[in-house]
Amino acid sequence: MKTIQVIVAFILALSLLLFPSFGFQSDELLVDDEEFGLEGAPQYRSPEPIPTRSPPLTTPTRKRHSDLDSDSKIQFSLDHAFGDSDFSPAGTFSARLKTWSHGGQTLTKLRFSRNSFTDEEKEKFKNLLKSDDFYRIRLPSNVLSPPGRDFIISSVKARCLPREGLDEHFVIHMEGVNVLAVNYGSPGSCSYPRNLKLPTKWSFSSHTVLKNSEQAPRAPIFAEEILGGESGEGEVVQPPERSFWAKYWMYLIPLGLIVMNAITQAMNMPEEQATGQVPAQGQPSAGAVQRGPTSAVRRR
Amino acid sequence: MAIRSFLILFLLFFLSSLHPILSLYEDQVGLMDWHEQYIGKVKQAVFHTHKTGRKRVVVSTEENVIASLDLRHGEIFWRHVLGPTDVIDGIDVALGKYVITLSSGGSVLRAWNLPDGQMVWESTLQGPKHSKSLLLVPTNLKIEKDNVVLVFSYGRLNAVSCTDGEVLWKKDFEAESLEVQQVIQCPSSDLVYIVGFAASSQFEMYQIDASNGELLKHESAAFSGGFLGEVSLVSSETIVALDSTGSILLTISFRNGKISFQQIPISNLVEDSLGPAVIIPSSVTGIFAIKMNAITMFIRVMGEGKLEVVEKTNHETSVSDALPISEGQQAFALIQHAGSEIHLTVKLAHDWDGNLLKESIKMDQQRGLVHRVFINNYIRTDRSYGFRVLIVMEDHSLLLLQQGAIVWSREDGLASIIDVTTSELPVEKDGVSVAKVEHNLFEWLKGHMLKLKGTLMLASPEDIAAIQSMRLKGSEKSKMTRDHNGFRKLLIALTKAGKLFALHTGDGHIVWSHLLQSLHKSEACQHPIGLNLYQWQVPHHHAMDENPSVLVVSKCGPSSDISGVLSFVDTYTGKELGSLTLVHSIVQVIPLPYTDSTEQRLHLLIDADKHAHLYPKTPEAIDIFQHEFSNIYWYSVEDDNGIIKGHVLKSKCTGEVADEFCFDTRELWSIVFPSESEMIIASVTRKSNEVVHTQSKVIADQDVMYKYISRNLLFVATVAPKASGKIGCVTPEESWLVVYLIDTVTGRILHRVTHHGSQGPVHAVFSENWVVYHYFNLRAHRYEMSVIEIYDQSRADNKDVWKLVLGKHNLTSPISSYSQPEVITKSQSYFFTHSLKAIAVTSTAKGITSKQLLIGTVGDQVLALDKRFLDPRRSVNPTQAEKEEGIIPLTDSLPIIPQSYVTHSLKVEGLRGVITVPAKLESTTLVFAYGVDLFFTQLAPSRTYDSLTEDFSYALLLITIVALVAAIFVTWILSEKKELQEKWR
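Residues numbered from 1 in each chain as written. Chains lettered and ligands numbered in written order. Predicted model: local features only at pLDDT ≥ 70, side-chain atom pairs only at ≥ 80, totals over all residues. Heavy atoms only, no water.

A. Expanded view of the overall build of chain B. The secondary structure content of chain B amounts to eight helices and 65 strands. Put simply, chain B has 985 residues, and 52% of those count as buried. Across chain B, every contact between residues at least 6 apart in sequence was considered, and the portion connecting residues at least 24 apart equals 50%. Of the accessible surface of chain B, which amounts to about 45,500 Å², a share of 54% is contributed by carbon and sulfur atoms. Placing the 90 positive and 110 negative side-chain charges of chain B at their respective mean positions leaves the two points 5 Å apart. (Helix = DSSP H or I, 4+ residues; strand = E, 2+ residues; numbered from the N terminus. Buried < 20%, exposed > 50% of the residue type's maximum accessible area, 1.4 Å probe, protein only. Contact = heavy atoms within 4.5 Å. Areas by Shrake-Rupley, 256 points an atom, 1.4 Å probe, with all protein chains shown as cover. Lys, Arg positive; Asp, Glu negative; His and termini not counted. Charge placed at Lys NZ, Arg CZ, Asp CG, Glu CD.)

Shown next as structure tokens:
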């Protein structure tokens, strides 16, 4: 009876496989939409944690080169302000937007082109240097739909920037396409008595670094060992065998001292007796050497 | 052989005396620690005073505590802390042996055994919609020989059996938008009335048969004027309400199921209009009270809707509920304030003019007004009725009044501490003996004889008890002067009631208490809320004659843009030196690291409009401030917005009113967390007064690591917005925890790391160059604790001795936040068994002593965990050198050693915070844990290496010295003899 059931089930399964028209057949075009990055395609989340999250909707700034290329170029601008002045454009960042198969988007290959200072800006910057004021920059918090929720602002004392030219260093902390924060400053140190120093060249040398979040180390799990239980018990790590001296030095040193003490005493004793007895008995000192031990024996 | 056995014995003796002590011995409990139990502000009290057995009162409080108190002394018989979400709605005593409590918005009904507080049963009640919850324990109502409790909650009336908590019947009131006001039991029948309002202008009355829950009658009547708030029950079939304007009194009678309204404008009763009235809820037959501005009026209901004002008073008045004393008679208590006295009057409900009792009691001004009154009667020795009242004061204290005196009082305001700081005690002056140390020579000798007996193990059990009590009482520790070791201090605590307490660290007694006038309700400040305490003036070098003072910051209401109040209190006397009602609001208070010539600390207050205000407002302060103007940076965390901003001062305020203490600010940097993926749940900085002993850490292989020690580091933890709820509501894939270390001057993110599959709540503590934080790991289904240590690499190449000798190092170069930081971080995660309520770290005077984490566990205890367990450099097989350094082999979870509970066997119920204060003695730190209870102890994380402990065996030392001296003599005599013999030879 059972075998018949199994056979029937097998046949049914086979027929389903062989004659798909029996069951439901999807008319969906079977294209690996993940790879081609079709818009609006269902985005599968991989079971593994992914470094980037929350794919925002793509925006008109995104240009698609071809269906096969999931990268696209984007640009976003850097604004600057001198002290309390309003922000004005100072340069543009350009990067490639990489869309990952799991739907996340990250920026790669960040490039930065700085507009050189106009004369007016140079003047403003000189004033900043004189008054030891802040040079401020800002970035949009979302690179796809600037300015996003708010601008990311960062400032540095203007006197930190001039070296040969003007050295600046950007560390942009990203979260997908969102800019979290930007660390802006000079690449080297800028310690407190900041001296007034005008740059010799009015050109910027910029370094940019893009940073994403790191994964935290996992807590060590010793569960296997605990399960392994008994076998592990035998493998208790033996403490390395220490030398005889390392083990017993605390006993050996006093022992040595006592022995030495005894020897010196034994050496001194005859002399003492000799010196003590010479005047009294008037015997030659040579005899004392022989008598030493005997007198010791007598005393005991 | 004999020598060997002797040696072994000697060694054993030596080892036993040197054995490290991690925990306390039984007889050391209470020596350096104290524990105080409180219950909080009493909401409701039920007396249980049968002729036999102990007289007790059962109370429920605003801290969600239910407690049974001894009516004779006010001690706690038993108590249960129900937790912050389990708010108690009503309590009563049923069957004479069960305490019934209704809590959690009417969803949990519990019965507790009255004598010992054991829970008898618990039942969960549900219903169709949210509503007011009411508890009624009817007298003489039985269903099949079962006494019942009637509970109205979630729009449903439940009859619950008293014996087992089973729901006998239930009746829904879901169809109507009923706002229930009262559940009334009809005397001498099984009828229950439910009265309430519907659609704000409809009065509804339901008559229900209590034996089976059948609806007998439903009447409703409309009143166009609408209703306002509370009602007062004047008889079992009449209630009094106010119309929505508060100017017309409505007497609603529903006798025999017929509703009839009687409207009487208040202006008919009193000539002068005093503004809108409020009903004081009470249930005295025939009488009710209304309050108009500061005037309280008692009004008697005379028959058919006639009202008569019996008393009008402008003293602060409180009324108790009615207490049936004999057949048909009800008494109630009335308390009125008159200057420094309160007048207690007990009257019969139907006889206003006659007084059963009239007493005046002198009342401490620092207790404020009477908030609640509960009355109870007893039979006097002459068979007449006597009355006692339990009163709850403005400062949340609880007092029992009987025979014109305060029988006992409890300082239950201390159950709701908001903030704590410490203050030094005065220096002992010459010739001023503050405490009488010993009474006379005989006592002194006796004490020392006893102690000697104890050390020589000759003491009898009685003697041991006497020694123990002597040790505990030790008048030294509760002296009112500063001690050499800095163990004696004042703990200044601000409570929710707006009262400031000074507790002595020696034994926890209250040195002074002061109800802050600035936190008193007034015209200008309607709902004052205490916020924080700051050290305002700590006399130090050149201002020794001044008393230290604290700054109490409060604001006038819950919103952020409401004006703030500052008050300054002398910590020696408890006098309020002054108070300021500010024109601006207070969002942030920044104590600056500068003090003026009188040691007053400069404080910067940031208001909601982002202006900075400098206090104290003196020319000297502004002078000091101008000097450091450009070096002041601060940050603000906008939790709800997900933005952290850095600020700096700009210039003087440009308002219409010239104010030279007001400054404009500007934004320096900002960090914007993407709102769809991150939400701030915790931010922690280092304690501003923390002392770090060394910048470097010598590691195993004679290498040096430099700690990155900056006061401007901020730890921030964010979680996925989805995962901000309870544990278990999201899958590990949807939740993550990101932690950041941020420099608050430049807004630089120094470290950023993501824990996937983890979620909050996050508790964190920041000290020196490390952060320890606690969170839940969804993948491992366990709590985890992680540590991040941050090291400075820019100075790592200073290890060369020659560089140091030749001065080619950068150790003395100033450190600036504007320099590019070269830091490395080390981190490690460990599993931890408990969830946390609080976390703190020990702090010592010089920061030399190793640190311990103080973990407030979910069981309301404080656990001390060595920081060494949370060392990121722990490895599975540490090398010999690392072992010598003190690195513990890596384990996956942190050990919980039962002996390392700081609170030993005690619990700090409702634990909310742990603070540590350094003592002058480097090895010791003072720990204060507060919640509903208070606990204080001294802690020595590396043991007391710099002083002899209490249990140091002086006798052994003495015996050794004596034995040595004797031995010297003996050997001397022997050698003399021998010499003589030698000479005689």
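B. Geometry of helix α5 (residues 619–627) of chain B. Residue and element names in this part refer to chain B. Along α5, the residues classified as buried are Ala621, Ile622 and Phe625. Along the axis of α5, the buried positions cluster into a sector of 95°, meaning they face one direction only. Residues of α5 that are exposed and point more than 90 degrees away from the buried face comprise Pro619, Asp623 and His627. Elements that come into contact with the buried residues of α5 comprise β44 (588–595), β45 (601–606), β46 (611–615), β48 (643–652) and β49 (662–672). (Arc of directions from axis to C-beta.)

C. Spatial organisation of a nonpolar patch on the surface. On the surface, Phe244(A), Trp245(A), Tyr248(A), Trp249(A), Met250(A), Tyr251(A), Ile253(A) and Leu257(A) cluster together to form a nonpolar patch covering roughly 910 Å² of accessible area. Mapping Trp245(A) onto the fold places it in helix α6 (residues 244–281). (Patch = residues over 30% accessible without salt bridge, like charges linked within 9 Å, V, L, I, M, F, W, Y side chains within 5 Å. Salt bridge = Lys/Arg side-chain N within 4 Å of Asp/Glu carboxyl O.)

D. Molecular detail of the side chain of Ser133(B). All names here are of chain B. Turning to its location among the elements, serine 133 is positioned in the loop between β9 (119–124) and β10 (134–136). Judged by its relative accessible area of 14%, serine 133 is buried. Among the polar contacts made by the side chain of serine 133, one reaches the side chain of aspartate 89 at a distance of 3.2 Å. Excluding its chain neighbours within four sequence positions, the residues that come into contact with serine 133 are Asp89, Leu102, Gly105, Gly106, Phe152 and Ser153. (Polar contact = N/O pair within 3.5 Å; in protein donor to acceptor, adjacent residues only side chain to side chain.)

E. Up close: the state of the cysteines. All names here are of chain B. All told, the structure shown has one disulfide over all chains when counted by the stated rule. Here cysteine 653 connects covalently by a disulfide to cysteine 662, the sulfurs 1.7 Å from one another. Between cysteine 653 and cysteine 662, the S-S torsion sits near -50°, and that sign places the bridge as left-handed. (Disulfide = S-S within 2.5 Å.)

F. How the structure looks around the interface of chain B and chain A. Each partner contributes to the interface: chain B provides 53 residues, whereas chain A provides 54 residues. For the pairing of chain B and chain A, the buried interface totals around 4,400 Å² over both sides, and the portion due to carbon and sulfur atoms is 51%. Along the contact surface separating chain B from chain A lie three salt bridges. Across the pair Asp133(A) and Arg666(B) runs a salt bridge, and its minimum N-O distance is 2.6 Å. Taken together, the connections running from chain B to chain A amount to 16 residue pairs in polar contact (both at pLDDT 80 or more). Looking at the side of chain B that touches chain A, the elements with two or more residues in it are β48, β49, β54 (736–743), β55 (749–756) and β59 (823–832) of chain B. Pairing analysis gives two bridges linking strand β9 (residues 214–215) of chain A to β55(B), with the strands arranged parallel. If you follow Glu214(A) over to β55(B), its bridge partner there is Val753(B). (Buried area = accessible area lost by both parts, 1.4 Å probe. Pairing = 2+ DSSP bridges.)

G. Broad picture of helix α3 (residues 119–131) of chain A. Residues and elements named next belong to chain A. Taking 1.5 Å of rise per residue, 13 residues should cover 18 Å, and α3 covers 19 Å from first to last C-alpha, within 8% of that figure. Looking only at α3, the buried set comprises Glu121, Phe125, Leu128 and Leu129. With its buried residues spanning 100° around the axis, α3 presents them on a single face. Structural note: α3 exposes Asp119, Glu120 and Lys130 on the side pointing more than 90 degrees away from its buried face. Each element contacted by the buried residues of α3 is listed here: β1 (71–82), β2 (88–99), β4 (134–140) and β6 (166–175). Following α3 by one or two positions, aspartate 132 adopts a phi angle in the positive range, close to 50°. (Expected span 1.5 Å × (residues − 1).)

H. Quick look at the UniProt feature "transmembrane region" (unreviewed entry) in chain B. UniProt's entry tags residues 952–975 of chain B with the feature "transmembrane region" (unreviewed entry), counted in the numbering of this structure. End C-alpha atoms of residues 952–975 of chain B are separated by 36 Å, and the span's content is 92% helix alongside 0% strand. (UniProt positions renumbered as here; feature names shortened; annotations may be inferred.)

I. Representation of the sheet that holds strand β62 (residues 862–866) of chain B within the structure. All names here are of chain B. An order of β60-β61-β62 is seen for the three strands of this open sheet, with the pairing classed as antiparallel. Looking at which strands have only one partner, the edges of the open sheet turn out to be β60 (836–841) and β62. Averaged over all neighbouring strand pairs, the angle between strand axes comes to 25°, with direction disregarded. Alignment of β60 against strand β61 (residues 852–857), held across five bridges, turns out to be antiparallel. For leucine 836, the partnering residue across the bridge sits in β61 and is threonine 857. (Axes fitted to C-alpha atoms, helices over the stretch in contact; angles between N-to-C directions.)

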